[in-house]
Amino acid sequence: MSKGLTINKARDALRSRKTSAVELTRDSISNIKKSDLNAFVTVDEKGALAAAAAADQAIKNSHAQPLTGIPLAIKDVVSTKGLRTTASSKILDNYIPPFDATVIEKLKAQNAVILGKTNLDEFAMGSSTENSAYGSTLNPADKGRVPGGSSGGSAAAVAGDLCVAALGSDTGGSIRQPASLCGIYGFKPTYGRVSRNGLLAMASSLDQIGPLTKTAVDAKILFEAISGYDELDSTSHKKPPVKARPIEGLRVGLPIEYFESDGLDNSVRRSVEKGIDALKKTGCVVKEINLPASPFALAVYYIIMPVEVASNLSRFDGIKYGSSVMGYAKTLQDVYVKTRSKYFGAEAKRRIVLGTYVSSAGYYDAYYGQAQKAREAIKKEFERVFREVDVIAGPTSPTPAFKLGEKVNDPLQMYLSDIYTVPVNLAGIPSISVPVEPVDGLPVGMQLTGRFDDDATILDLAVAYENNIGGNRG
Ligand code: GLN
C-alpha cells in the first residue's frame, strides 16, 4: 500500500475506507523497522498509532481535513512535545521538548500522523547527512551514496516510501538539495510564511520549514497546512499571500552564470535543459538573464550564517537544557567548556569558531559588515531580475548524489553543493526543486525560484510541470 503513496492517494483511500489510518501507520512503521536507510533518529510507534486511531474516528465522523490520517515524518530539528528532539546532536541526546512547534500544532489539529523524527546533519549544518551523531543516512537510489542534506533523513524517508511526506528545514538549501539528490519535490517557502516557532534555530534570518513530497500537488497541500501568520514568530507575515499568476505566458529566466559555472556537471546540465523543455510546454516563455552577484552568495552565506549559528548555539551550555558534564566540572566556565567540547560535533565547532571570529571587534567591519552589504546587493539583483521575469529556473545542485565519505573531509567541496540554493535564502524568496531526468540512475533536480511572497505561482508552475511530464502519481 505504501509504495508510491501520495497525500492525495492516501486521502482517497482513507475516505473511501479502502484502508484505515491505523493500517497505513502500521504499514509505515513496519517498513521503517525493516529499512536500512537510517532515515529516522526516533520512531514514535505508540504516539503514531494513537494519532491514527483518532484520525480514523475523525474520518468516521466526517471531520476529515486534508492531512487527516496521513503518515508524515518530521526532521529532528522541529520540536515535538514529549517526543525526543535531538537535532542529530549528542548535546540534545535526551532532550524532550515541553511544547510543539507551531507547524506541529497545525499538523496535529488536522489529525495527521507523526511517525517519528528524521536524521539530519547536526543542527542542520551540512549537505550530506554525514554530520549526524546518529550515523549517515543512505540514498534510496544508491545506498553507497549520500541523500544530500541537511534534511537527508526526511528526503530518504519520502523517496524510500517510509512515509507519505515529510517536513524539512532550509537555511541554505537543506530541503531542495536533498530533494534533488533523492528525486523528489522539496519546497522552501518565502521567509516568514511558515512559522519558525519551535524550529531549533541554525541561522534565524535564513531558516524556513517546508515540505518534502513525492508530487508537486502534495507540496502544495502540505505548505497550505503549515503556513500562516503566527504571533510567536516575530518575522511571520501578517499580510495574506499573493494570488498565483496564470502559467500561460509566465516569463522564466535562465541565469547564464548558473549554466556556465565550472562546477556544473555536464550530465546535470543536460538533464536540467530537458526539464526546461518540459517547462516550456506548460505555456511559459524562457529567456536568458544575468545574475552576476550570485557567484558571491556562498562567500556571503559563510560569513552571515556562522555568526547566527554561534549566537544561536550559545544556549547549549550544559546548564539550561540538554547534555551536561555538570557533575564532573568545578566551575561554571568549566561546565560550559567541557560540555560544549564533548557534545558538539566537528562541523558545529567549526562554525561557532568562524562566526565568533568574523563578528568580533576588529573584524566585524571587514567581514560581517561587508557581508551584510553584499547580501543587500544580492537581494537587489533578484528584485531587478524579477522586473524582467516571473520565475528563475536552473539546476538545484551541481552534481548528482556523491559517494558516502567522498566530501566529508573537505568542507569547501561540501559547501559548493549549495551554490545555486544559497542565494535564494539570502533573499528570502520561495523556491522548489522538482525532479528531472536521472543521470545513470541517479536523481537530478531543477530549481524554480519566484518573487518574494509568490509561493503560489511557484507551486502552480511545479504542478503544471509535473502534469506535463506525466509525473503526477495521484
Ligand atoms: N548545506 C548548507 C550548510 O551546510 C545548508 C544547510 C541548511 O540549509 N540547513 O549550511
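1. So, the pattern of salt bridges
Right, so step 1: Going through the model one piece at a time under the given rule, you end up with 26 salt bridges.
Right, so step 2: Residue Asp142 pairs with Arg145 through a salt bridge whose shortest N-O separation is 2.9 Å.
Right, so step 3: For Arg145, a relative accessible area of 18% corresponds to the buried category.
Right, so step 4: When the shortest N-O distance is used, the salt bridge between Arg351 and Glu347 registers 2.7 Å. Of this pair, Arg351 and Glu347 both sit in helix α12 (residues 346–358), separated by four residues, roughly a single helical turn.

2. Comments concerning the pairing of strand β5 (residues 185–188)
Side-chain direction in a regular strand flips from residue to residue, so the side chains alternate between the two faces of the sheet.
Right, so step 1: Because side chains alternate across β5, one face comprises the buried residues Tyr185 and Phe187, and the other comprises Gly186 and Lys188, equally buried.
Right, so step 2: Here β5 runs beside strand β6 (residues 208–213); their pairing, made up of two bridges, is antiparallel. From the neighbouring strand, Gly186 faces β6, where its bridge partner is Leu212.
Right, so step 3: With three bridges joining them, β5 and strand β10 (residues 431–439) adopt antiparallel strand pairing. Bridge pairing links Gly186 to Ser433 in β10.

3. Quick notes on the pairing of β6
Right, so step 1: Burial analysis of β6 places six of its six residues in the buried class, the great majority of the element.
Right, so step 2: For strand β4 (residues 165–170) and β6, the ladder comprises five bridges, and the chain directions are antiparallel. When the bridges of β6 are listed, Gly168 appears paired with Gly210.

4. Concerning the nonpolar core
Right, so step 1: Leu107, Phe123 and Ile432 are the most contacted members of the largest nonpolar core, which totals 140 residues.
Right, so step 2: A total of 11 residues in this core trace back to one element, the largest contributor, which is helix α10 (residues 297–312).
Right, so step 3: Counting five residues, the second largest nonpolar core, distinct from the first, contains Leu181, Ala401, Phe402 and Met414.

5. Remarks on the site of the ligand
Right, so step 1: As a structural note, the neighbourhood of the ligand is formed by 15 residues, with Thr171, Gly172, Ser174, Tyr301 and Asp418 the closest of them.
Right, so step 2: Gly172 places a main-chain nitrogen or oxygen 2.6 Å from an oxygen atom of the ligand.
Right, so step 3: Here the ligand has 300 Å² of accessible area as a free molecule, and 100% of this is covered by the chains.
Right, so step 4: More than half of the atoms of the ligand fall within 2 Å of the grid points belonging to the largest cavity.
Right, so step 5: Classifying every residue of the shell around the ligand gives five nonpolar, seven polar and three charged.

6. A short note on the sheet that holds strand β1 (residues 40–43)
Right, so step 1: A sheet is described by the order of its strands in space; here 11 strands give the open sequence β1-β3-β2-β4-β6-β5-β10-β11-β9-β7-β8, paired in mixed fashion. Each end of this open sheet is capped by a strand with a single partner; those strands are β1 and β8 (285–289). Within this sheet the neighbouring strands show an average axis-to-axis angle of 30°, counted without direction.
Right, so step 2: The sheet strands contacting helix α13 (residues 365–388) are β7 (251–255), β8, β9 (391–395) and β11 (442–450), and the helix crosses β9 at an angle near 110°.

7. Quick look at the packing of helix α2 (residues 21–34) against helix α3 (residues 45–60)
Right, so step 1: Closest axis-to-axis distance for the α2/α3 pair is 8 Å, and the angle between their directions is 160°. By the criterion of interaxial angle, the relationship of α2 to α3 is roughly antiparallel. Seen from above, α2 lies across α3 with right-handed handedness. Residues Ala21, Val22, Thr25, Arg26, Ile29 and Lys33 of α2 pack against Glu45, Ala48, Leu49, Ala52, Ala53, Ala55 and Asp56 of α3.

8. Remarks on empty space enclosed by the protein
Right, so step 1: In the structure shown here, the tally under the stated rule is two cavities of 30 Å³ or more.
Right, so step 2: If you add up the space inside the largest cavity, you get close to 70 Å³.
Right, so step 3: In this structure, the largest cavity is lined by 13 residues; those nearest its centre are Gly126, Ser174, Tyr301, Tyr302 and Asp418.
Right, so step 4: Taken together, the residues of the lining of the largest cavity sort by class into five nonpolar, six polar and two charged.

Definitions and cut-offs
- Residues numbered from 1 in each chain as written.
- Predicted model: local features only at pLDDT ≥ 70, side-chain atom pairs only at ≥ 80, totals over all residues.
- Heavy atoms only, no water.
- Salt bridge = Lys/Arg side-chain N within 4 Å of Asp/Glu carboxyl O.
- Buried < 20%, exposed > 50% of the residue type's maximum accessible area, 1.4 Å probe, protein only.
- Helix = DSSP H or I, 4+ residues; strand = E, 2+ residues; numbered from the N terminus.
- Pairing = 2+ DSSP bridges.
- Core = buried A, V, L, I, M, F, W, Y, C linked by side-chain atoms within 4.5 Å.
- Near = heavy atom within 4 Å.
- Polar contact = N/O pair within 3.5 Å; in protein donor to acceptor, adjacent residues only side chain to side chain.
- Areas by Shrake-Rupley, 256 points an atom, 1.4 Å probe, with all protein chains shown as cover.
- 1 Å grid on protein atoms, 1.4 Å probe; cavity = no way out; pocket = protein on both sides within 12 Å on 5 of 7 lines; lining within 4 Å.
- Sits in = over half its atoms within 2 Å of the grid points.
- Nonpolar A, V, L, I, M, F, W, Y, C, P; charged D, E, K, R; others polar.
- Axes fitted to C-alpha atoms, helices over the stretch in contact; angles between N-to-C directions.
- Contact = heavy atoms within 4.5 Å.
- Parallel < 35°, antiparallel > 145°, perpendicular 65-115°, else oblique.
- Left-handed = near helix turned anticlockwise from the far one by under 90°.
- Points joined across faces, edges and corners; volume = space filled by probe spheres on them.

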